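A structural walkthrough
Now for the letters of each chain:
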Amino acid sequence: MKFETLAIHAGQEPDPNNGAVMTPVYFTSTYMQDGVGKPRQGYEYSRTQNPTRKALQDCLAALEGGSYGLAFASGLAATDTVLRLLNADSHILAGNDVYGGTFRLFDKVLRRFSLDFTFADTTDPESVAEALTPQTRLVWLETPTNPMLRITDIRAVAEIVHAHPNNPLLVVDNTFATPYLQRPLELGADIVVHSMTKYLGGHSDVVGGAVIVKDKELADKLYFLQNAVGAVIGPMDSFLVLRGIKTLPLRMDRHYENAKVIVEFLSKHPKVETLIYPFHESHPQYKVAKQQMRNGGGMISFIIKGGREAAIKMVEATKLFTLAESLGGVESLIEVPAAMTHLSVAGSQLDVDPALVRLSVGIENSADLLEDIKQALDKA
Ligand SMILES: *Cc1c(COP(=O)(O)O)cnc(C)c1O
């Protein structure tokens, strides 16, 4: 089945008890057993398994071209569970432009548990090769990155990582692209991670995370950790993400259509110093982006002339673009990462230009969006 069909049907069957077409929200913590140690359909306790969560997990696996999906309470809960695959003293190589919260978890929390992190420029596969050590057990990529929209060639990095004698796990945070635009498992990654809070949910009404893998042994270890650590997503939130995913292909195409109109406008605007968009010829990894992504997505970043002050003036002047953190919803959002989402990386090597403005372009009418950007830039 093709992507659009899987988005609506994968993991979901009419309910065998009553024919309900949409997956019911199974608000139950426990399940009746027919005898001691004889759960009726394999369900015992909802931290371990829940039918609504299972439908979502199976759908995620199908969309990423994987075999096993796991859903968590947030993107960071998913990330934390993946890192628990490692033993103390493991080395992790991560991109030097990962999501601020991922950096904070690695640098401020997991370092205290004897994990060692190096942050390198993964857009250059050579610097990945140089940064691997004999202790490297995991390589963490984000592409496109947040908020710089840097692109890493997943296939090229996968070849380097899998040639290492430890065969480290290659993890790709696919939040910005979604499986509709990019499928890392097909390009050689071992694990895909998502913040479902963003495009998968798509309506800014739920927080969730996902992990998808192909390998059975790896999946078993992760299911063990999912249950043992317990950072699971609830049934209502699972339902909301399942519902959001049904329109993912439609939304992603529209996000792109609208983004193109705004990119075109910004590329010629005198107040824009640097435009950053993966599908614009000026992007340093334009060719790689075109190769591994179906379209350029709905995220646009740009450095505005006039520094931090101009950036703040502009984002406070929009009327339709809401000034807010997060991204990937149907509604358009605007923010200044250095002062908002990326405060936690201030002063670190992931520091973001204070004049950088980030747009999450929604699926409203593009003429209305353009009008808003125009008038806000005039006031900056
Ligand atoms: C938001 C985000 C996360 C963290 O996800 P939460 O659901 O907020 O925990 C991780 N990676 C990327 C790229 C993100 O944008």
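So, here's what we can say about the structure. (Residues numbered from 1 in each chain as written. Predicted model: local features only at pLDDT ≥ 70, side-chain atom pairs only at ≥ 80, totals over all residues. Heavy atoms only, no water.)

Residues in close proximity to the ligand total 13 residues, the closest being Gly75, Asp173, Ser195, Thr197 and Lys198. Glycine 75 is positioned with one of its backbone polar atoms (N or O) 2.9 Å from an oxygen atom of the ligand. At 2.7 Å from a nitrogen atom of the ligand is found a side-chain nitrogen or oxygen belonging to aspartate 173. When the ligand is considered free in solution it has 380 Å² of accessible area, and contact with the protein chains removes 92% of it. Residues that form the shell around the ligand fall into these classes: 3 nonpolar, 7 polar and 3 charged. (Near = heavy atom within 4 Å. Polar contact = N/O pair within 3.5 Å; in protein donor to acceptor, adjacent residues only side chain to side chain. Areas by Shrake-Rupley, 256 points an atom, 1.4 Å probe, with all protein chains shown as cover. Nonpolar A, V, L, I, M, F, W, Y, C, P; charged D, E, K, R; others polar.)

Here the largest pocket is characterised by a volume of approximately 610 Å³. Taken together, 20 residues line the largest pocket, and the ones lying closest to its centre are Pro16, Tyr26, Gln41, Tyr43 and Pro51. Its volume calculated, the second largest pocket comes out at about 450 Å³. Every residue lining the second largest pocket is counted, 29 residues in all, and those nearest its centre are Leu76, Tyr99, Gly101, Ser195 and Lys198. At the level of elements, helix H3 (75–83), helix H4 (100–109) and strand E6 (191–195) are the ones that each hand at least two residues to the lining of the second largest pocket. Broken down by element, the residue count for the lining of the second largest pocket peaks at 4 residues, all from H4. In terms of residue class, the lining of the second largest pocket is made up of 9 nonpolar, 14 polar and 6 charged. The residue makeup of the lining of the second largest pocket includes at least three contributed by each of domain 1 (3–245) and domain 2 (248–378). (1 Å grid on protein atoms, 1.4 Å probe; cavity = no way out; pocket = protein on both sides within 12 Å on 5 of 7 lines; lining within 4 Å. Points joined across faces, edges and corners; volume = space filled by probe spheres on them. Helix = DSSP H or I, 4+ residues; strand = E, 2+ residues; numbered from the N terminus. Domains from an automatic or database assignment.)

Further remarks concern the sheet that holds strand E5 (residues 169–173). Taken together, the 7 strands give an open sheet; going across it, the order is E1-E7-E6-E5-E4-E2-E3, and neighbouring strands pair in mixed fashion. Every other strand in the sheet has two partners, leaving strand E1 (68–72) and strand E3 (116–120) as the edge strands with one partner each. Neighbouring strand axes in the sheet, compared pairwise and without regard to direction, differ in orientation by 20° on average. In this structure, E1 lies alongside strand E7 (residues 209–213), joined through 5 bridges in antiparallel fashion. Residue pairing for E7: leucine 70 is matched across the bridge by valine 211. Packed onto the sheet, helix H6 (residues 154–163) meets strand E4 (136–142) and E5 and runs at close to 155° relative to E5. (Pairing = 2+ DSSP bridges. Axes fitted to C-alpha atoms, helices over the stretch in contact; angles between N-to-C directions. Contact = heavy atoms within 4.5 Å.)

With respect to the helices and strands, glutamate 159 occurs in helix H6. For the pair glutamate 159 and valine 263, spaced 104 residues apart in sequence, the C-alpha separation works out to 33 Å.

Sheet strands pair by backbone hydrogen bonding; their relative direction is either parallel or antiparallel. Pairing is mixed across the open sheet formed by 5 strands, whose spatial order is E8-E9-E12-E11-E10. Each edge of the sheet is formed by a strand with only one pairing partner; in this case those strands are strand E8 (272–276) and strand E10 (322–323). Note: strand E11 (residues 333–335) against strand E12 (residues 356–360), 3 bridges, orientation antiparallel. Residue leucine 333 lies in a different strand from E12, and its bridge partner there is serine 360.

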